[in-house]
Structure formats: structure tokens, C-alpha cells
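Remarks on the overall topology
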Amino acid sequence: MDRRQFLAVGGLAAATPVLGQGVGAGSMADTADGLFKRVNLVSDGLGLDSREYATLLHEAAMADGFGTDYYSLGGPIAALERKFANLLGKDAAMFVPTGTLANHLAIRKLAGNDRRVLVQAESHLYNDSGDCAQTLSGLNLIPLASGRTTIDLAEIRSWVERSAGGRVETKVGALSIENPVRRMNHQMVDLAELERVCGYARQQGIRLHMDGARMFNLPFHSGKSIRDYAALFDTVYVSLWKHFNGASGAILAGDSKFIDGLFHMRRMFGGALPHAWPQVAFVERYVDSYEDEYAKSWRATDKLIELLQTDGRFKVHKMPEGTSTFFLAVSDVAAEVLSERALRRGVILPAQVGSGMLALQVNPSVLRMAPAALAQVFFESMVG
Ligand SMILES: Cc1ncc(COP(=O)(O)O)c(C=O)c1O
């Protein structure tokens, strides 16, 4: 099957059975034939390389009727905004060039003049955003649940009561919850506690934001739908480059009152890309099928795990509230050496190993090889 035919049948997902063959030795990724064949057990999505990305971008831009945006308004950007608003069950949505800015814009507007914002201590917003909300928006972020995934209702209540009882009135304006939590190996927030916390916050008039960068992985594990998660919150952010293979980009969804005019704030922070379309031109093709592909990916991975465990040198560990991550311990060969050898066979494993275990990510690229072929790559890589 040549590339044109392959793209014509609807992209990678549709072509999976054709691509799902065993691999030989040699650097597949270095040849044109190797395009769209690697299994990437590190990425949140397919982990497209630059040539794969350019191939898909070309194909999208050449399609009849493909339009462009101007300053992130109109064209494929507006279409994506409508699509995600609908998927999330919100009135409206806005494209933002990064998730970092999406979280910041959301809590800035939700909090308004009530400047205390409760966040998870392990969240991206608290650790990995350069204190943007504190520095640029004068918000006071209060980190809760250090070392844990879920904030308990008792912790929220205690901060709300403390804030109400201060000498100077300083209300809690917003609560932001990341789910799943990247720094906790993508574990998900306890569902019952999440519902209690959101219910209490609403009663107290606290506005709610969800960092749902990877939320499309949640329904498979929790049984709760995307819309049901989104309904707990006033605003929701979803990444366009993690599961959906964009080069960058985020969606921020909420009610019309929240989203109307928000593009001025996006521009104020330098976030109105004159041409955003190359970031997300072919994202839409991955969105509708994602939940299904992720479920298939886990089914294939469970078969892989079963096969690996027939060899006593491999031990697998899954977490109780885990989503996309599982751990693989290997004896006899250093995990780094295994990674190097697997790469030569078209399988990307983490290059660095913290605890002696490999933290592997499940994503639809696992469907590019049959589980038996993938297990074979692991077995052969133990030897050389
Ligand atoms: C949970 C979470 N939130 C927000 C972000 C920020 O997204 P971006 O890199 O698009 O700014 C990330 C990025 O890794 C993330 O993992």
C-alpha cells in the first residue's frame, strides 16, 4: 500500500491492520518505508515525527475546501472550536496556542476579584507554568493534596472556612482540578470525591476549572463520559497535541458568557497566532475515533502484558487509579539497554529510567504491531 492509498482510507486508525505486521531489525524510522510504523510507548498520542507530521499536513491542506484562519479566528480553528464545544457539552470553546495559557486564562477570568485559587500541589498549573497566574494575574494559588492525586473535601472545606474567617475578606474564587494528573503517573482523581468536592464548591459559589489535557483517556477507566466530567466544571481545557497529534494547541470550553470576547485576553497574552492552522490542520480526524482507539490499544496492551509475563524476566505493575501508564521491570538486561535495542526495531521506550522500571504509555500507536510481534521485539531486544 503506498502512502496515498494509506491516507485515502482514512488515516492511521483505518490502516492499522495493514500496518500491524511484525518488524525486522534495522532502523525503520530512518527509511521512507518506516513512516507511520513505529510503536511509541512514551507518547500521549502517535508521537508523529517531523516527516510524518509534514506528510499529514500536506494531505490536509491539499483537500478540497480546506480553509485557513486569520489570527486564530475562522477556518479550521472555528470548526475545531465547535466540535469540542459539542463533545464537551458546553456552549462554546476557544482555541488557545498552549494548555499553559488555557489554564491561566480560565482561572484568571473565573476567579475575578476573588483571588484565592485552590489547586492540586502536583498539578501542571502549580509546578510547570512558571507561576504565571501569580505573576501575571495577581492570583494566590493555594496548593493542596501534596504527593496525592485527589483533593479531599475536608481540605477544600478547611481552606474555604479559613478564607471566610480572615481579618480581611479574601474569598476563594476558583478551584482547578487536573485529571488525570501527569505528575502522579497519570492517575485519575477519585470519582466519588471529585463529585463531592465539585458539589460543595458550587454551593459555596466557587467557580470550577478542569485541566483535562488528557481527559479523553478517563471514560475507559472510570466509566464516566466526557460530557459528564465536563458538566462538573464551568470551564474545561483539553490538549490538542497530546492525544490528537497536533503540533501544539488547546481548547478552552465554557458557557457563551465566559467564552464571548475571551479572544481579546488571548491576544493580550500574545496568544493569537496569525496562522494557527498548521498546528492543528489534521487534528479533527483523530478526535471522534479516539476513545475507541484507546480502548483497543489497552486491549492489545493487555495481550502484550500477558505474553511478556510468560517470561520471568519481565514484571508488570499497574496502578489502582491508573490510566495510560503502566510499569515494566526487567531483570538480566539494564532497562536503558533494552530501550536502545528496541528502538532499532521500531519500538520507542523511555530512554531514561528512574526507579529501575520503565514507565510505559498506552496510546493508539500500539495498534501498529500485533501484540505477538510487539512481544517478540521485547524478547529479541533482551538478546542483542
Ligand atoms: C496536565 C497538563 N496541563 C497543562 C499542560 C500544558 O500544556 P502545553 O504544553 O500545551 O502548554 C500540560 C503539558 O504537558 C499538562 O501535562
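1. What about the overall build of the protein?
Of regular secondary structure, the protein possesses 18 helices and 12 strands. Relative to the compact-globule value of 21 Å for 384 residues, the protein shows a C-alpha radius of gyration of 22 Å, a close match. Projected onto the principal axes, the alpha-carbon positions of the protein cover approximately 70 × 50 × 35 Å. In the protein, which comprises 384 residues, the proportion classed as buried is 43%.

2. Brief notes about the site of the ligand
Taken together, the neighbourhood of the ligand is formed by T98, G99, T100, N103, H124, E178, R182, D211, A213, S239 and A250. At 3 residues, helix α5 (residues 99–111) tops the list of elements feeding residues into the shell around the ligand. Here the shell around the ligand is composed, by residue class, of 2 nonpolar, 6 polar and 3 charged.

3. Digging into the sheet that holds strand β8 (residues 250–254)
Strand order in the open sheet formed by 7 strands is β2-β8-β7-β6-β5-β3-β4, and the pairing between neighbours is mixed. In the strand order of this sheet, the two ends are held by β2 (92–96) and β4 (140–144), each with one partner. Pairs of neighbouring strands in the sheet enclose a mean axial angle of 20 degrees, with direction left out of account. When strand β5 (residues 172–178) meets strand β6 (residues 207–211), the two strands line up parallel, connected through 5 bridges. For L175, the partnering residue across the bridge sits in β6 and is L208. Along the sheet, helix α4 (residues 75–88) contacts β2, β7 (235–239) and β8; its crossing angle with β2, the most-contacted strand, is approximately 130 degrees.

4. Describing the pairing of strand β10 (residues 325–330)
Side chains of β10 alternate between two faces, with F326, L328 and V330 buried and T325, F327 and A329 left unburied. Two strands pair when backbone bridges link them, and strand β9 (residues 314–317) and β10 are joined in this way by 4 bridges, in the antiparallel orientation. Residue K315 lies in a different strand from β10, and its bridge partner there is A329. As defined by bridge partners, β10 adjoins strand β12 (residues 357–361) across 5 bridges and the pair is classed as antiparallel. Counted as the bridge partner of L328 is L358 from β12.

5. Observations regarding the packing of helix α17 (residues 335–344) against helix α18 (residues 371–383)
Interhelical geometry of α17 versus α18 gives an angle of 120 degrees and a closest axis separation of 9 Å. Of the possible angle classes, the one that applies to α17 and α18 is oblique. By crossing handedness, the relation of α17 to α18 is classed as right-handed. Where α17 approaches α18, its residues L338, R341 and A342 are matched on the opposing element by V377, F378, S381 and M382.

6. What about the sheet that holds β12?
Read from one edge of the open sheet, 3 strands run β9-β10-β12, paired in antiparallel fashion. Looking at the sheet topology across the chains shown, the edges are occupied by β9 and β12. Ignoring strand direction, the axes of neighbouring strands in this sheet form an average angle of 30 degrees.

7. Remarks on the domain arrangement of the protein
Domain annotation of the protein identifies domain 1 (3–60 + 288–383) and domain 2 (75–280). One C-alpha centre belongs to domain 1, the other to domain 2; they are set 30 Å apart. In this complex, domain 1 contributes 18 residues to the contact, which on the side of domain 2 involves 20 residues. Looking at the side of domain 1 that touches domain 2, the elements that each hand over two or more residues are α3 (50–62) and α16 (290–308). Looking at the side of domain 1 that touches domain 2 element by element, the count peaks at 5 residues for α16.

8. A short note on the nonpolar core
Counting 71 residues, the largest nonpolar core has V117, Y237, I251 and L252 as the members making the most contacts within it. Per-element accounting of this core gives the leading share, 7 residues, to α5. Residue-level mapping places this core at the junction of two domains, with at least three residues from each of domain 1 (3–60 + 288–383) and domain 2 (75–280). Counting 23 residues, the second-largest nonpolar core is a separate cluster that includes L41, A335, V366 and L367.

9. A look at unusual backbone geometry
Between N179 and the following residue, P180, the backbone shows a cis peptide bond with an omega angle of -5 degrees. Positive phi values are uncommon outside glycine, yet N185 reaches one of about 55 degrees.

10. Things to note about the environment of R227
Tracing the chain through its elements places R227 in helix α11 (residues 226–231). Taking the C-alpha atoms as reference points, R227 and A85, separated by 142 residues in sequence, lie 10.0 Å from one another. When near neighbours in sequence (up to four residues on either side) are disregarded, R227 contacts L88 and G89.

11. Re the environment of T170
Inspection of the secondary structure puts T170 in the loop between α8 (153–164) and β5. Between the C-alpha atom of T170 and that of F216, which follows or precedes it by 46 residues, the distance is 35 Å. Among residues more than four places away in sequence, those in contact with T170 are R115, R116 and S163.

12. Concerning α16
Between the first and last C-alpha of α16 there are 26 Å, a value that for 19 residues agrees with the 27 Å anticipated at 1.5 Å per step. Along α16, the residues that are buried comprise Y290, E293, Y294, S297, A300, T301 and L304. Down the axis of α16, the smallest arc covering the buried residues is 125 degrees, so these residues share one side. Those residues of α16 that are exposed and angled more than 90 degrees off the buried face are D292 and E306.

Parameters and conventions
Residues numbered from 1 in each chain as written. Predicted model: local features only at pLDDT ≥ 70, side-chain atom pairs only at ≥ 80, totals over all residues. Helix = DSSP H or I, 4+ residues; strand = E, 2+ residues; numbered from the N terminus. Rg over C-alpha atoms; globule rule 2.2 N^0.38 Å. Buried ≥ 20, exposed ≤ 12 C-beta atoms within 10 Å, placed from the backbone. Near = placed C-beta within 6 Å. Nonpolar A, V, L, I, M, F, W, Y, C, P; charged D, E, K, R; others polar. Pairing = 2+ DSSP bridges. Axes fitted to C-alpha atoms, helices over the stretch in contact; angles between N-to-C directions. Contact = placed C-beta atoms within 7 Å. Parallel < 35°, antiparallel > 145°, perpendicular 65-115°, else oblique. Left-handed = near helix turned anticlockwise from the far one by under 90°. Domains from an automatic or database assignment. Core = buried A, V, L, I, M, F, W, Y, C linked by C-beta atoms within 7 Å. Expected span 1.5 Å × (residues − 1). Arc of directions from axis to C-beta.

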